[in-house]
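This is what each chain is made of:
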Amino acid sequence: MTRILIAEDDENIRNLLSSYLRVSGFETDSVADGNAALARVAGDTSYDLVVLDLMLPGTSGLEVCREIRKSRSVPVLMLTALGEEDDRVRGFELGADDYVVKPFSPRELVARVKAILRRQTPEGGDTETPRRGRSYPIQVDWEGKTCVLAGEIVDLTQSEFVILAALVRRPGVVFSREELIELLYPHGGSVVPKAVDVHVHNIRAKLGAEGARLIETVRSFGYRAARST
């Protein structure tokens, strides 16, 4: 059964989320502060997703997300009462896969959780490995959800993996930001287009010099993978 950790200091919200997620078939654990969230994630590697409040006591949600990303690629869905775009983008910069702004509908949150988890398995069971070779050293495997560069696995978040896999499977094809958002959130939802730019920035950083050569920016439109690097 899919296991989800809920880190939320408001007991009513915590219990509400747990109830809705359990009814939807998920197993949940709950903590009320950032320190407890870090301890749970560090001590239990079987969580499939973390629902993380931004304003946790102890260690903030942003800092918890930062620490999780140092060693884990588990998807993170952030809860925030801050509606400003900069605050949401900050979460993406630290590796969050999605966010929900309070107050929110529990059904919307469950839908977002399902969408994130759905990205882990491509529709139609497609397990094709994108083009690889001396002139195109990135190896991306849908089934294994791995990206390999120069023999080393690159630690990508779910959102970063989806974007990179889409680009390298169709070298030279330009994807608009809107198209990439549709890949990330096929069932809709409010997402700032700048989130795509943040994800691409993170991918390039993790791939080092190869990332700058591989992913090309198409001014005022979107991104494409170079035909060869």
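Keep in mind the model is a prediction, meaning the values are calculated, not measured.

What counts, and where the lines are drawn
- Residues numbered from 1 in each chain as written.
- Predicted model: local features only at pLDDT ≥ 70, side-chain atom pairs only at ≥ 80, totals over all residues.
- Heavy atoms only, no water.
- Core = buried A, V, L, I, M, F, W, Y, C linked by side-chain atoms within 4.5 Å.
- Buried < 20%, exposed > 50% of the residue type's maximum accessible area, 1.4 Å probe, protein only.
- Helix = DSSP H or I, 4+ residues; strand = E, 2+ residues; numbered from the N terminus.
- Contact = heavy atoms within 4.5 Å.
- Axes fitted to C-alpha atoms, helices over the stretch in contact; angles between N-to-C directions.
- Parallel < 35°, antiparallel > 145°, perpendicular 65-115°, else oblique.
- Nonpolar A, V, L, I, M, F, W, Y, C, P; charged D, E, K, R; others polar.
- Pairing = 2+ DSSP bridges.
- Salt bridge = Lys/Arg side-chain N within 4 Å of Asp/Glu carboxyl O.
- pLDDT = per-residue confidence, 0-100.
- 1 Å grid on protein atoms, 1.4 Å probe; cavity = no way out; pocket = protein on both sides within 12 Å on 5 of 7 lines; lining within 4 Å.
- Points joined across faces, edges and corners; volume = space filled by probe spheres on them.

Considering the nonpolar core
Among the nonpolar cores identified, the biggest contains 50 residues, and L52, L164 and L207 are the most heavily contacted of them. Element by element, the count of residues in this core is highest for helix α6 (residues 158–169), at eight residues. Residues contacting L207, with those up to four places away along its chain left out, are I138, C147, L149, V154, L164 and L214. Counting 16 residues, the second largest nonpolar core, distinct from the first, contains L49, L77, V110 and I116.

Some remarks on the packing of helix α7 (residues 177–184) against helix α8 (residues 194–207)
Contact pair α7 / α8: the axes reach a minimum separation of 9 Å and the direction vectors enclose 80 degrees. The orientation of α7 relative to α8 falls into the category roughly perpendicular. Across the interface between the two elements, R177, L180, I181 and L184 from α7 touch V196, D197 and H199 from α8. Across the contact of α7 with α8, the residue classes break down as four nonpolar, one polar and two charged.

Digging into the sheet that holds strand β6 (residues 139–141)
Taken together, the three strands give an open sheet; going across it, the order is β6-β7-β8, and neighbouring strands pair in antiparallel fashion. What marks the edges here is a single partner per strand, and that holds for β6 and β8 (152–153). Sheet analysis places strand β7 (residues 146–149) next to β8, joined by two bridges and oriented antiparallel. Bridging from a neighbouring strand, V148 pairs with I153 of β8. In the packing of α6 onto the sheet, the strands contacted are β6 and β7, and the crossing angle to β6 comes to about 115 degrees.

Remarks on the pattern of salt bridges
Under the defined criterion, the tally for this structure stands at 15 salt bridges. For R3, the salt bridge goes to D29, with nearest N and O atoms at 2.6 Å. Residue R3 is located in strand β1 (residues 3–7), and its partner D29 is located in strand β2 (residues 27–31); the two are separated by 26 residues in the primary sequence. We classify R3 as buried; its relative accessible area is 14%. Of the charged contacts in the structure, one is a salt bridge between E216 and R224, with a shortest N-O distance of 2.8 Å. Residue R224 is classed as partly exposed on the basis of its relative accessible area, which comes to 30%. The network of salt bridges with shared partners includes R3, E27, D29, R40 and D44.

Brief notes about the confidence of the model for the protein
For the protein, the average pLDDT comes to 83, and 85% of its residues sit at 70 or higher. Mean pLDDT values for the elements of the protein range from 76 in helix α4 (residues 85–93) up to 96 in β1. Under a pLDDT of 50 for its full length, residues 122–135 has, in the predicted model, 22 contacts with residues more than four places off or in other chains.

Re the sheet that holds β2
The parallel open sheet is built from five strands, whose spatial order is β2-β1-β3-β4-β5. The open sheet terminates on both sides in strands that have one partner only, identified here as β2 and β5 (98–101). This sheet shows a mean twist of 20 degrees between the axes of neighbouring strands, independent of strand direction. Helix α1 (residues 11–23) rests against β1, β2, β3 (49–53) and β4 (76–80) of the sheet, and its axis sits at about 170 degrees to β2.

Description of the layout of surface pockets
Volume-wise, the second largest pocket comes out at about 250 Å³. What lines the second largest pocket is a set of 16 residues, among which S73, K145, D155, L156 and Q158 lie closest to the centre. Looking at the lining of the second largest pocket, the elements that each hand over two or more residues are β7 and α6. Tallied by class, residues from the lining of the second largest pocket come to eight nonpolar, five polar and three charged.

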